[in-house]
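Residue-level structure breakdown
The residues making up each chain are set out below.
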Amino acid sequence: MAMYLPMVLSAQSVFNSGTVFSLGQQTTFSSGGNTFFRGRLENQGTLVAKSNVDFFDNRDIGNLRLSGAGDQEINGDTLLITNLEVEKTGDVQLLTAQIFVSGSLNVISGVIKTGDIDDLIVTGQSSESGAGFVEGKLVGLSSGNPVSFPMGVNGFRNAITFSGTDPGIRLVVDCVVPEPSSLLPTEEMVGIADEVEWRVQTLSDSTRATLTANFSGLDFINFSNGQSINANRYAPALAIIQEGDTIYTALNSSEATPENSASDQTSGRIVSTSTITIDTTITRINVAWLPFIDGPEFFVPNVFSPEGFLEENRIFRPFFAGAEVSNLNIRVFNTFNAEVYSVSETGADLDLSLIGWDGKLRGGQPAEEGVYYYSIQLVAGGQVYEKTSSVLLVK
């Protein structure tokens, strides 16, 4: 049976050039003082550093655990770490070229400070648990499984997870405090929180994803961009905007907590059901405070984009909530009053997300950008809902 063999040094440790420091499996070396690995490091166990550590020319570090109190510096060139665990008070400064974590990143407590995109790259998995976080930029490699980013800013943990991504995609998340003047809520939002913002992009290929955010430290009382909307209940939602745009889009959520809360410094969780496309341009993700209306609600957008960023915006269709839809009729006309699209569906609990105009003409070619006119009639809960108006198709 393997034995756990701890080795502890409380003073400064210097391993000079020409020497080999070898650590076997199931063995832990713990250093309470500053540690300098000028010689060759061969680590098959676990290194525990409670103060500054300099790896000099070493690359393969093995398992590394950072603990203790106070701030800590990690020095070296490009470091290959199997599993990185941080459980400490204070900040960890990465004074390295790059750090690759091939196994797991687990920030139980403390803060890892990063700056450049390639400071910290996780090709394995990041733990969703813990109170610690990465402040700055973090790169994660998707494998087809959910990719978690234990981010945070200003002392609060604000983790975000991407699900349904294509394997082999490098996602970059930068966690920052946004400029309040750039947070312009749409008319359906009470306001957008200005304590945290996730800026997301890929390093090469694009991918699709749904989002889960675990947030903390948000003030849902004092919005710098707030507006008065009276409703029976409220809940947070994720709001996104692409670089260069000015209009935020609120993502649909299957779970959003807290609900009805108006207390400041609020923590909660949002699970989005909307699928977004992430590419090399920056997508800004924020937390908005939305009213929820009790009873049926019928909405038809006045603009859609068949080649747009959000899947919900690619199809022109009505949105309805509060009752089951049993009948739907849509007709769309161009400016010459020629019908370009029509559909009539009847059934039990129709799925409106599957019915609508994709912006193509009857021959299959894309319709021209411009204004189109429509008439929509749907039956839900025994009631008839109708609307006739115009919609703008944009490329």
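What you are looking at is a predicted structure, and each value in this text was computed from that prediction instead of being measured.

Here we take up the overall build of the protein. Check the secondary structure of the protein and you find zero helices and 38 strands. In terms of overall dimensions, the protein has a C-alpha envelope of 85 × 45 × 45 Å along the principal axes. With 395 residues in all, the protein has 47% of them scored as buried. Taking contacts inside the protein between residues at least 6 apart in sequence as the whole, the part at least 24 apart equals 47%. Taken as a whole, the protein presents about 18200 Å² of accessible surface, with 48% of it coming from carbon and sulfur. Computed over 22 positive and 45 negative side-chain charges, the separation of the two mean positions in the protein equals 4 Å.

Let us look at the nonpolar core. Counting 63 residues, the largest nonpolar core has L47, F55, I112, F162 and W198 as its most contacted members. Per element, the largest residue contribution to this core is six residues, and it comes from strand β11 (residues 78–95). In terms of nonpolar packing, the next biggest core, distinct from the first, is built from 24 residues, V300, V332, L350 and A367 among them.

On to the pairing of strand β10 (residues 72–75). Here strand β8 (residues 53–54) pairs with β10 via two bridges, running parallel. In the sheet register, V53 faces β10, and the bridge partner there is I74. Note that β10 and β11 share four bridges and pair parallel. Counterpart to E73 in the pairing with β11 is Q93.

On to the confidence of the model for the protein, then. Within the protein, residue pLDDT values average 90, and 95% of them lie at 70 or more. Taken together, the stretch residues 1–6 has pLDDT below 50 and engages in eight contacts with residues farther than four places along the chain or on a different chain.

Our next topic: a nonpolar patch on the surface. Side chains of V303, V371, Y373 and L392 sit close together on the surface and give an oily, nonpolar patch of about 300 Å² of accessible area. Mapped onto the elements of the fold, V303 is located in strand β33 (residues 303–304).

Evaluated as defined, the whole model comprises 19 aromatic pairs. When the centroid spacing of 6.0 Å and the interplanar angle of 75° are considered together, the rings of F15 and F29 count as edge-to-face. Pair noted here: F15 is in strand β2 (residues 13–15) and F29 is in strand β4 (residues 27–31), with a separation of 14 residues, a long-range link. Relative accessible area serves as the criterion here: at 17%, F15 is assigned to the buried category. For the pair F215 and F220, a centre-to-centre distance of 6.1 Å together with 80° between the ring planes defines the contact as edge-to-face. Here the two residues F215 and F220 agree in accessibility, since each one is buried. Positioned above the aromatic ring of F319 is the side chain of R317, whose terminal nitrogen or guanidinium carbon lies 3.9 Å from the ring centre.

Turning our eyes to something else, we now look at the environment of V371. Mapped onto the elements of the fold, V371 is located in strand β37 (residues 370–380). Among residues more than four places away in sequence, those in contact with V371 are T335, S390, V391 and L392.

Attention now moves to the pairing of strand β24 (residues 197–202). Within β24, five of the six residues are buried, leaving the element largely enclosed by the surrounding structure. Bridge count for strand β22 (residues 170–176) against β24 is six bridges, and the pairing is antiparallel. When the bridges of β24 are listed, V176 appears paired with E197. Summarising the sheet, β24 and strand β31 (residues 283–292) pair through three bridges and their orientation is antiparallel. Note on β31: the bridge partner recorded for V200 is T283.

Before going further, it helps to spend a moment on the pattern of salt bridges. When their charged atoms lie close together, side chains carrying opposite charge are able to pair. Within the structure shown, the criterion is met by 11 salt bridges. The salt bridge involving R65 is made with E85; its shortest N-O contact spans 2.5 Å. Taken together, the positions of R65 in strand β9 (residues 60–68) and E85 in strand β11 put the pair 20 residues apart, joining distant regions of the chain. Looking at E85, the relative accessible area reads 25%, which means it is partly exposed. Residues E87 and R65 are paired through a salt bridge, measuring 2.5 Å at the closest nitrogen-oxygen approach. Remark: R65 occurs in strand β9 and E87 occurs in strand β11; sequence separation between them is 22 residues. A relative accessible area of 34% places E87 in the partly exposed class. When salt bridges that share partners are traced, they join R65, E85 and E87 into one network.

Cut-off values and rules
Residues numbered from 1 in each chain as written. Predicted model: local features only at pLDDT ≥ 70, side-chain atom pairs only at ≥ 80, totals over all residues. Heavy atoms only, no water. Helix = DSSP H or I, 4+ residues; strand = E, 2+ residues; numbered from the N terminus. Buried < 20%, exposed > 50% of the residue type's maximum accessible area, 1.4 Å probe, protein only. Contact = heavy atoms within 4.5 Å. Areas by Shrake-Rupley, 256 points an atom, 1.4 Å probe, with all protein chains shown as cover. Lys, Arg positive; Asp, Glu negative; His and termini not counted. Charge placed at Lys NZ, Arg CZ, Asp CG, Glu CD. Core = buried A, V, L, I, M, F, W, Y, C linked by side-chain atoms within 4.5 Å. Pairing = 2+ DSSP bridges. pLDDT = per-residue confidence, 0-100. Patch = residues over 30% accessible without salt bridge, like charges linked within 9 Å, V, L, I, M, F, W, Y side chains within 5 Å. Salt bridge = Lys/Arg side-chain N within 4 Å of Asp/Glu carboxyl O. Phe/Tyr/Trp six-rings, centres within 6.5 Å; stacked < 30°, edge-to-face > 60°. Lys NZ or Arg CZ within 6 Å of the ring centre and 35° of its normal.

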